[in-house]
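In case you want the letters, here they are:
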Amino acid sequence: MIDEAALIAAARAAAVNAHAPYSRFRVGAALLLTDGTVVTGANVENASYGLSLCAETVAVATASAAGRLRDIVAVAVIGGMDRDGRATGTDPVRPCGRCRQVLNEAAGMGRRDLTVLCAGAEGDAVERHRLSDLLPHAFGPSDLGIDP
Ligand code: THU
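These remarks concern the structure in this document.

### Comments concerning the pattern of salt bridges
And step 1. As enumerated under the stated definition, the model contains six salt bridges in all.
And step 2. Close ionic contact of Arg68 with Asp35 constitutes a salt bridge, the shortest N to O distance being 3.3 Å. Here Arg68, found in the loop between helix H2 (55–65) and strand S3 (72–81), pairs with Asp35, found in the loop between strand S1 (26–33) and strand S2 (38–42); they are 33 residues apart in sequence, far enough to count as distant.
And step 3. Taking relative accessible area as the criterion, Arg68 reaches 18% and is therefore assigned buried.
And step 4. What you see here is one network of salt bridges that share partners, running through Asp35, Arg68 and Asp71.

And the structure:
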C-alpha cells in the first residue's frame, strides 16, 4: 500500500527548495522506493531558460546517483506554490513529456509500471495514473536490447 498523503506531503516539502525565480511555479516530486525510502526533487530553473530541470527529473537523477534507479515504484508531483507554500494554482500538475520519458527509464530498469500521483497546490485535487497510461507505447531500455 502506498501512503499517498505522505508521498504528496514529501513532494510539497521538497518544492520549498525549488529554484524557480522565472516561472515562479514551484514544483516538488517525491519518489517512493521498494524499501519505503522517499527521494525528493524540486525544479531548478536557469537564466538560460531552456536549461531548466523539472522536479521529477531532479528526483530521478538523485535516486539514480544513489544507485536506486530500478527501485522506484511511485512518484508524487505537486506544483504551483509560492515560496511560503501558498497555492498560486489549483490544477493537479502532471509530468511533462520529457519527465514521462525520464520516469519510463526507471520503470523499464525496474520492470514495473509506476504509480503517478498528481496533486494541485491546495492538495485536494489528487489524480492517480499509471505511467503506462501517461506514456503509452513508450520507447525504453528493452527497445535497445537492454535486459535489466
Ligand atoms: N515543471 C516541473 O518541474 N515538472 C513538470 O512536470 C512540469 C513543469 C517546472 C518547470 C518549470 O520550472 C516550471 O515548472 C514552469 O514550467
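### Comments concerning helix H3 (residues 97–110)
Residues that lie three or four places apart on an α-helix share one face, since the helix turns once every 3.6 residues.
And step 1. Taking 1.5 Å as the rise per residue, H3 with 14 residues should run 20 Å; its terminal C-alpha atoms sit 20 Å apart, in good agreement.
And step 2. Every buried residue belonging to H3 is among Cys99, Arg100, Leu103, Asn104, Ala106, Ala107, Met109 and Gly110, and all of these are buried.
And step 3. If you follow the buried residues of H3, they end up packed against S1, H2, S3 and helix H4 (131–134).
And step 4. Arg111 sits one or two residues past H3 and shows a positive phi near 55 degrees.

### Describing the packing of H2 against H3
And step 1. At their nearest, the axes of H2 and H3 sit 9 Å apart, and the two run at 20 degrees to each other. Judged on the interaxial angle alone, H3 and H2 are roughly parallel. Read as a crossing pair, H2 and H3 show a hand that is left-handed. Counted together, Glu56, Thr57 and Val60 of H2 and Arg98, Cys99, Val102 and Leu103 of H3 form the full contact between these two elements.
And step 2. Residues of the contact of H2 with H3, tallied by class, amount to four nonpolar, one polar and two charged.

### Digging into the site of the ligand
And step 1. Looking at the ligand, the residues that line it are Ser23, Phe25, Val27, Asn43, Glu45, Cys54, Ala55, Glu56, Arg94, Pro95 and Cys96.
And step 2. A distance of 2.9 Å is found between an oxygen atom of the ligand and a side-chain nitrogen or oxygen belonging to Asn43.
And step 3. Within the side chain of Glu45, an N or O atom sits 2.5 Å from an oxygen atom of the ligand.
And step 4. For the ligand, the protein covers 78% of the area, taking 380 Å² as the surface of the free molecule.
And step 5. The pocket occupied by the ligand, as judged from atoms lying within 2 Å of grid points, is the largest pocket.
And step 6. Across the shell around the ligand, the residue classes break down as six nonpolar, two polar and three charged.

Quick notes on the rules
Residues numbered from 1 in each chain as written. Predicted model: local features only at pLDDT ≥ 70, side-chain atom pairs only at ≥ 80, totals over all residues. Heavy atoms only, no water. Salt bridge = Lys/Arg side-chain N within 4 Å of Asp/Glu carboxyl O. Helix = DSSP H or I, 4+ residues; strand = E, 2+ residues; numbered from the N terminus. Buried < 20%, exposed > 50% of the residue type's maximum accessible area, 1.4 Å probe, protein only. Expected span 1.5 Å × (residues − 1). Contact = heavy atoms within 4.5 Å. Axes fitted to C-alpha atoms, helices over the stretch in contact; angles between N-to-C directions. Parallel < 35°, antiparallel > 145°, perpendicular 65-115°, else oblique. Left-handed = near helix turned anticlockwise from the far one by under 90°. Nonpolar A, V, L, I, M, F, W, Y, C, P; charged D, E, K, R; others polar. Near = heavy atom within 4 Å. Polar contact = N/O pair within 3.5 Å; in protein donor to acceptor, adjacent residues only side chain to side chain. Areas by Shrake-Rupley, 256 points an atom, 1.4 Å probe, with all protein chains shown as cover. 1 Å grid on protein atoms, 1.4 Å probe; cavity = no way out; pocket = protein on both sides within 12 Å on 5 of 7 lines; lining within 4 Å. Sits in = over half its atoms within 2 Å of the grid points.

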